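Structural features, examined
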Amino acid sequence: MALKSNSADGRTRSSIQIFIVVGLCGFFYILGAWQRSGFGKADNLAMEITKSTGDCNIIPNLSFETHHGGDAGSIDNSDSKPKTFQPCHSRFTDYTPCQDQKRAMTFPRENMNYRERHCPPQKEKLHCLIPAPQGYVTPFSWPKSRDYVPFANAPYKSLTVEKAIQNWVQYEGNVFRFPGGGTQFPQGADKYIDQLASVLPITNGTVRTALDTGCGVASLGAYLWSRNVIAMSFAPRDSHEAQVQFALERGVPAVIGVFGTVKLPYPSKAFDMAHCSRCLIPWGANDGMYLMEVDRVLRPGGYWVLSGPPINWKNNYISWQRPKEELEEEQRKIEETAKLLCWDKKYEKGEMAIWQKRVNAGSCRAKQDDSRATLCKSADADDAWYKKMEACITPYSDSGSSDEVAGGELKEFPERLYAIPPRVASGSIPGVSVETYQDYNNEWKRHVNAYKKINKLIDSGRYRNIMDMNAGMGGFAAALESPKLWVMNVVPTIAEKSTLGVIYERGLIGIYHDWCEAFSTYPRTYDLIHANGVFSLYRDK
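Our subject in this report is the structure included herewith. Keep in mind the model is a prediction, meaning the values are calculated, not measured. (Residues numbered from 1 in each chain as written. Predicted model: local features only at pLDDT ≥ 70, side-chain atom pairs only at ≥ 80, totals over all residues. Heavy atoms only, no water.)

Moving on: the nonpolar core. Core analysis: the biggest nonpolar cluster contains 108 residues, and Y266, W283 and W304 have the highest contact counts within it. When residues in this core are grouped by element, the largest group, 6 residues, is from helix α9 (residues 289-297). In this structure, L159, F176, V217 and F246 belong to the second largest nonpolar core, which totals 11 residues. (Core = buried A, V, L, I, M, F, W, Y, C linked by side-chain atoms within 4.5 Å. Buried < 20%, exposed > 50% of the residue type's maximum accessible area, 1.4 Å probe, protein only. Helix = DSSP H or I, 4+ residues; strand = E, 2+ residues; numbered from the N terminus.)

Right, here's the structure in full:
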């Protein structure tokens, strides 16, 4: 009897255990279904965030139907598969489509035409994914990235030999180290900037945007950052292998570019300072055309710095190993063009000279009435994309008095970031008033706050190089403003409004670009890309 009783108890316990297991399974199944239905706590939280951050400009009439013409009939998607791209050959690791070295050599060398943008025809475009070099690793975070770059990310040692005594870059084990030197400042960019700051109003925020021509590895821009100055650095893709790539790997704003036959892709009155340190640009050539282009992008009251040949040629022609007659003529042409542009020389010491552009045309008219001064005829000085560079002087905007800054005076940075830009205040941007501009900025503050709730890494130091593909008036970049990051504000050339000038008036940087072509940069050089509205802008292309 005892044996039968134990057997019955065992069956009862087994039945209870089975019932409990089935019950738990059913409970968790129902719980999972409830959570997936959209009524869970996480979804309620997401709904609250969405409501609190406002409308995100959803366009009600945006059509996602195909815009291709022709009578194609109906399309059967039953067997369609996502399009996949295979990796390119490893020789394309650092491919830059519009600055391809092989293609460049087929163009004329006159006026550096062969170093300009020459994009491949449709039949030559790659349809594969650019591979990373073997051993590629995540770049160091700023500010360590200013001084160190993993060797595997840009495995090119030529500059460590070619520029060894100038302290551009040194190879140490598995990293490159950047001591901060340059051809004109082998003892470091900081001391060089101290010399600049003794003449230029850098410390008070007057000089905020800078253009560094022939930048090398962009050490000047790297060290200006700590002075709250943001530099747009550029250099050609030439025998100085990977110089712009090094700059971007370091976390310094830079693009591949050159003074050649077309205008620089920046608006007029953009930069507070332009700089050349042994940049090898023939400033006196072509009737001063290159200096006139600097004048176009330099704001009224801005500064041009020339460091190196031919400044102080009398004491340096032997060490430079150049004929003194050649250097004397080069400096004469520079001085002559500067006077024609009404630039005042503010400083000359050692191998450095600094000129300042006048603030308006009133104090300059007599010189520009010179028969040699040809004024540009273009009605839009901001229209620069693939436009031929000319030896002409960009006229000043109108000003009311001899002391008034042509085009409007800018606040000191950081107040400048949210002050009303002169182009907005004057009504130069169609459809944009002071009120709509302020609303625009408030809207982007809400959007960026929402982004930060979704992506906690924004402004953590993880993302240094950021691109906004359709920047508008720079609202995204302004709301993100931080010493940990910078934004390349791209204004598409087909945008309805030309707003890049506003972006520079805010103390931000950017560039014109047509997204039907490749960007002037190296692969893998941006940490985060913001594409608000760019796809609908180009949907018919």
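Moving on, we get to the pairing of strand β12 (residues 486-492). Counting buried residues along β12, 7 of its 7 residues qualify, which places the element largely inside the surrounding structure. Across the two faces of β12 the burial is the same, with W486, M488, V490 and P492 and V487, N489 and V491 all buried. Looking at chain direction, strand β11 (residues 465-468) and β12 are connected through 4 bridges and run parallel. When the sheet's bridge partners are listed, I466 is paired in β12 with V487. Tracing the backbone out of β11, into helix α15 (residues 475-480) and back to the parallel element β12 gives a crossover that is right-handed. Across 4 bridges, β12 lies against strand β13 (residues 510-513) in parallel orientation. Residue N489 lies in a different strand from β13, and its bridge partner there is G510. The parallel pair β12 and β13, bridged by helix α16 (residues 500-505), forms a crossover whose chirality is right-handed. (Pairing = 2+ DSSP bridges. Right-handed = clockwise from strand over helix to strand, strands pointing away.)

Before going further, it helps to examine the sheet that holds strand β2 (residues 170-172). Adjacent strands of a sheet form backbone hydrogen bonds with each other and so pair up, either parallel or antiparallel. Judged by pairing direction, the sheet is antiparallel, and its 3 strands sit side by side in the order β1-β3-β2 without closing on themselves. A single partner strand is all that each edge strand has here, and the edge strands are β1 (148-150) and β2. On average, each strand axis in the sheet is inclined to that of its neighbour by 30°, with strand direction left out of account. Relative to strand β3 (residues 175-177), β1 runs antiparallel, the two being bridged by 3 bridges. Within the sheet, the bridge partner assigned to P150 lies in β3 and is V175. (Axes fitted to C-alpha atoms, helices over the stretch in contact; angles between N-to-C directions.)

What follows covers empty space enclosed by the protein. Within this structure, the stated rule accounts for 3 cavities of 30 Å³ or more. Of the pockets and cavities examined, the largest cavity occupies roughly 80 Å³. In terms of lining residues, the largest cavity is bounded by R208, W225, I230, A477, E481, S482, L485, W486, V487, N489, L508 and I509. Among the elements that take part in the lining of the largest cavity, β12 stands out by supplying 3 residues, more than any other. Within the lining of the largest cavity, the residues separate by chemical class into 8 nonpolar, 2 polar and 2 charged. Along its surface, the second largest cavity is lined by Q99, Q101, A104, Y114, R115, E116, P236 and R237. Across the lining of the second largest cavity, the residue classes break down as 3 nonpolar, 2 polar and 3 charged. (1 Å grid on protein atoms, 1.4 Å probe; cavity = no way out; pocket = protein on both sides within 12 Å on 5 of 7 lines; lining within 4 Å. Points joined across faces, edges and corners; volume = space filled by probe spheres on them. Nonpolar A, V, L, I, M, F, W, Y, C, P; charged D, E, K, R; others polar.)

Purely geometric numbers; function is a separate question.
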